[in-house]
Structures are given as structure tokens and as C-alpha cells.
Amino acid sequence: MPMTKSDNKALAPFKWVWKQLRTTAIQLVNSDYYPQGQKALVEAEDKIDIKRSLSFVFLHVGCIGLIWVGWSWTAVIAAVLLYVVRMFAITAFYHRYFSHKSFKTSRFMQFMMAVLGNSAMQRGPLWWAAVHRHHHIHSDHEEDKHSPVQHGFWWAHIGWLTSDRNFPTDYTRVRDLSKFKELMFLNRCDQAVPILYGIVLWLVGWGLQVWFPGLGVTGGQMFVWGFFVSTVFLLHGTLFINSLAHVFGKRRFQTDDDSRNSLLLALITLGEGWHNNHHRYSHSARQGFYWWEIDISYYTLKMMSWMGLIWDLKRVPYAVYAEAAGRGKAADAAEDEAIYTAGMRESA
Ligand SMILES: [Zn+2]
Ligand SMILES: [Zn+2]
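All values reported here derive from a predicted model rather than from experimental measurement.

**Student:** Sorry if this is basic, but what is going on with the overall build of the protein here?
**Tutor:** When helices and strands are counted, the protein shows 18 helices and two strands. Against the globule reference of 20 Å for 348 residues, the protein gives a C-alpha radius of gyration of 23 Å, in line with a compact fold. Out of the 348 residues belonging to the protein, those deemed buried represent 37%. Summarising the internal contacts of the protein: among those between residues at least 6 apart in sequence, 65% fall at separations of at least 24.

Here it is in C-alpha cells:
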């Protein structure tokens, strides 16, 4: 029997639910899937995408689990260590390597660090680098997706992440990275590593509970501390660079944006708080330009270079040190030479 108009109307809500579930399921394994087309989505106005924002909601709500699982020193130390290790993957690799190419490494190391960075639930390395390269071109101008100067603190901090037009990866900005099939896979299937990370944590916690009951940790406790708590702190720590590092701190360089240097933010993010330095010269592997500007990611990168794991770390050029010393870009040759030597000594 043919369907009537009223049958169609009655089925409409079910069809809508089915379409949403189908889209969500496909996007779970392919983050590049957009039923309306990527171009239409990117060119539309900012609009919160509830489905795609659910992973962030889930991450925050999961912390309530602390009420049931309690705490142990083992779980707390694991959460802190996982914060530090994954913050390093984000700052040193997602940011300084994938986004800025500030040093070189092997294809294997590049992939391992991409996996570690992906476990921080900040999406794939190509999406991250594409968004970040866009930020450097348009920082604090109207097109900047996360400028607190243009769009206010909350939008710059987390609002922009929930807007559906910011979800697609702009592959035209990361052609150098998209030639690696394994990175493309991670980027498309960006939920796989976080899910795996959660399962592994649970299993490790459960194993410790069975074989080392004296530690007082359980599978659930390790999962809540290592997955939810650690990742929420890691997410907001990283996001502070978008929201606070363009508002809070001092400006050494008169860059074409409002970026600032802050020791507090540098400590929280292992060195990313020297954001004004970074906007002045983004190619450098170090963001703390002087020995007193603590940059833990850079010290770790330096150690990795001694072990031969990475190489060709880009340095801060002498002209930038001269500019910082207030001598301007056209400092005289002898003076430049002295500053250059000092700069090189510090970056060595
Ligand atoms: Zn910035
Ligand atoms: Zn950058």
C-alpha cells in the first residue's frame, strides 16, 4: 500500500533520529564525513554542534565519577604523569613539530608522538596543525577562530571548539603532513586512540588491583583519574594559550596581535606561555628565548636530540635577540655579532 502524506509526517521524527544516529556512527570512524558537504559547513555562520561536542561534555561529566572511585596516591601520580607526558606530545609535537616544523624527526617517532598527542582528545594532528597555522596567519584579527580580543574569553577558550564550522580539517593548509597515510588515518579516525587509551587505563588499574592490592588502586579509579581528570586539566591547560596568552602577561615584541609572555602559563603548559616570543618567531624549537624563561618542552626536545631521536632544532636568529634587546632590527654589525653569539650560546 502506498504511503500517504500523513504517514510521512508521522514518521518524520523517527527518520530524523535515524539520520542523526547514522551520521554520528559514521563520524565516529570518519571525522571527515559531513552530510551537508565540507564547503557549505565551513562557509556557514558559527553554530554549536551538539553531537560533535558530546565528547567534551562526556569528558567533564566523567570527572563526577570521583565520588564513587575515591582516590589513591597511585591514581593521582598516574594522572599527573599522564598530564605531563601528553602535554609534551601536544606542545612539542602537535604544536612545535606538526604545526611549525621547528625540528626534524623520523617517520616512526612522528607517528608515535601523533598517537600520544591524539590520546589528549584534542583531535587529530592534521586538524590541530591546520587550525593553528590559520591562527598564526590571522591572530587577533576577525578571521581568527579563537581570539579573545575579537570574540571574548569564553568563545576563545572553548566556544569555538563546539562550533560545527570549525570541525572539518582544512587539508589545504597541511599538504606537507597529508602525504603520510598513517597520519591521515589518525586524523580521520580521531576517536580510536582516546577509546583505546581509556580501555588500557582501565585494564592497567584492574591489573594493579589484582596483583598489587597494596597500592589501593582499582580499574575504575585509574580510568577516572587517568582518563577524565588528567585529560580535562590537559585540555584546559592547552586552551589557556588561546584564551589567556593573548590577554594576560607581558609583551616583549610589538607583534601584529595581542600575544603575551607569562611564566605561570609557561609552567602549566611546559613552555607555551612564552606566547609573545612565539608569535614573534614561531619557527624556533624553543619558546622561552632566554635561560630564565622556563621551557620544559624545549629542555626535553634538547635531550631527545642528544639521543638522536630528533635533529635540526631551529634556533632563534640573532636579529630577534637584537630586537628584544631594544636595538631594533638594524643594529650595527659588531653589536649584532655579540647578541648573536649570546643567543646561540643560550639556544645551544
Ligand atoms: Zn596565539
Ligand atoms: Zn604556534
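**Student:** Where do I start with the domain arrangement of the protein in this structure?
**Tutor:** Interface size is commonly expressed as the accessible area that is lost once the parts come together. Here the protein is described as being made up of domain 1 (47-314) and domain 2 (317-348). For domain 1 versus domain 2, the distance between C-alpha centres works out to 32 Å. The partner domain 2 presents five residues to the eight residues of domain 1 that form the contact. For the side of domain 1 that touches domain 2, a count of residues per class yields five nonpolar, no polar and three charged.

**Student:** Would you explain the environment of Val174 in this entry?
**Tutor:** Tracing the backbone through its elements, the reader meets Val174 in the loop between α9 (153-162) and α10 (175-178). For the pair Val174 and Ala129, spaced 45 residues apart in sequence, the C-alpha separation works out to 7.1 Å. Once residues within four sequence positions are removed from consideration, Val174 is found in contact with Leu126, Ala129 and Ala130.

**Student:** I would appreciate a short explanation of the nonpolar core in the present structure.
**Tutor:** The nonpolar side chains of soluble globular proteins are, as a tendency, buried together. If you look at the biggest cluster of nonpolar residues, it comprises 46 residues, and the most contacted ones within it are Ala89 and Phe93. Of all the elements, helix α5 (residues 73-99) adds the most residues to this core, at 14 residues. Residues within four places of Ala89 in sequence aside, it is in contact with Tyr94, Met113, Leu116, Gly117 and Ala120. Residues Ile241, Leu244, Ala245 and Trp274 belong to the second largest nonpolar core, which totals 13 residues.

**Student:** Help me understand the UniProt feature "domain: Fatty acid desaturase" (unreviewed entry) in the protein, please; the structure alone is not making it clear to me.
**Tutor:** On the UniProt side, "domain: Fatty acid desaturase" (unreviewed entry) is annotated at positions that read residues 72-288 here. Between the C-alpha atoms that bound residues 72-288 the distance is 35 Å, and the span itself is 63% helix and 1% strand.

**Student:** Is there a simple way to explain helix α13 (residues 219-243) in this structure?
**Tutor:** With 25 residues, α13 extends 35 Å from end C-alpha to end C-alpha; this agrees with the ideal 36 Å at 1.5 Å per step. Along its length, α13 shows its largest kink, about 25 degrees, at Thr231. Summarising burial for α13: 18 of the 25 residues are buried, a large majority.

**Student:** Got a minute to help me understand the environment of His132 in this structure?
**Tutor:** For His132, the location among the structural elements is in helix α7 (residues 125-138). Sequence-wise, His132 and Arg173 are 41 residues apart; in three dimensions their C-alpha atoms are separated by 9.7 Å. Among all residues touching His132, those that are not within four sequence positions of it are His95 and Ser99.

**Student:** For this particular structure, what's the right way to read the UniProt feature "transmembrane region" (unreviewed entry) in the protein?
**Tutor:** What UniProt calls "transmembrane region" (unreviewed entry) maps, in this numbering, to residues 54-71, 77-97, 192-212 and 224-245. Each end of residues 54-71 is marked by a C-alpha atom, and these two atoms are 26 Å apart; helix forms 67% of the span and strand 0%. The span residues 77-97 is 100% helical and 0% strand by assignment, and the distance between its end C-alpha atoms comes to 28 Å.

**Student:** Please clarify how the packing of helix α12 (residues 192-211) against α13 should be interpreted in this entry.
**Tutor:** Helix-helix packing: each pair is described by the crossing angle between the helix axes and the interaxial distance. Contact geometry of α12 with α13 gives a least axis separation of 7 Å together with a crossing angle of 140 degrees. For the element pair α12 / α13, the angle class is oblique. Where α12 crosses over α13, the two elements pack in a sense that is right-handed. Residues Tyr197, Gly198, Leu201, Trp202, Val204, Gly205, Trp206 and Gln209 of α12 touch α13, and the partners they reach there are Gly219, Gln221, Met222, Phe223, Gly226 and Phe227. Partitioned by chemical class, the residues of the contact of α12 with α13 number eight nonpolar, six polar and no charged.

**Student:** Can you walk me through unusual backbone geometry in this structure?
**Tutor:** Across residues other than glycine, the phi torsion is negative in most instances, and most of the peptide bonds are trans. Even without glycine at this site, Met121 takes up a positive phi of about 60 degrees. Within the element layout of this structure, Met121 appears in the loop between α6 (107-118) and α7. Judged by C-beta crowding, with 22 C-beta atoms within 10 Å, Met121 ranks as buried. With a phi angle near 60 degrees, Leu270 is a residue other than glycine that sits in the positive phi range.

Quick notes on the rules
Residues numbered from 1 in each chain as written. Chains lettered and ligands numbered in written order. Predicted model: local features only at pLDDT ≥ 70, side-chain atom pairs only at ≥ 80, totals over all residues. Helix = DSSP H or I, 4+ residues; strand = E, 2+ residues; numbered from the N terminus. Rg over C-alpha atoms; globule rule 2.2 N^0.38 Å. Buried ≥ 20, exposed ≤ 12 C-beta atoms within 10 Å, placed from the backbone. Contact = placed C-beta atoms within 7 Å. Domains from an automatic or database assignment. Nonpolar A, V, L, I, M, F, W, Y, C, P; charged D, E, K, R; others polar. Core = buried A, V, L, I, M, F, W, Y, C linked by C-beta atoms within 7 Å. UniProt positions renumbered as here; feature names shortened; annotations may be inferred. Expected span 1.5 Å × (residues − 1). Bend = angle between axes of the 7 residues up to and from the residue. Axes fitted to C-alpha atoms, helices over the stretch in contact; angles between N-to-C directions. Parallel < 35°, antiparallel > 145°, perpendicular 65-115°, else oblique. Left-handed = near helix turned anticlockwise from the far one by under 90°.

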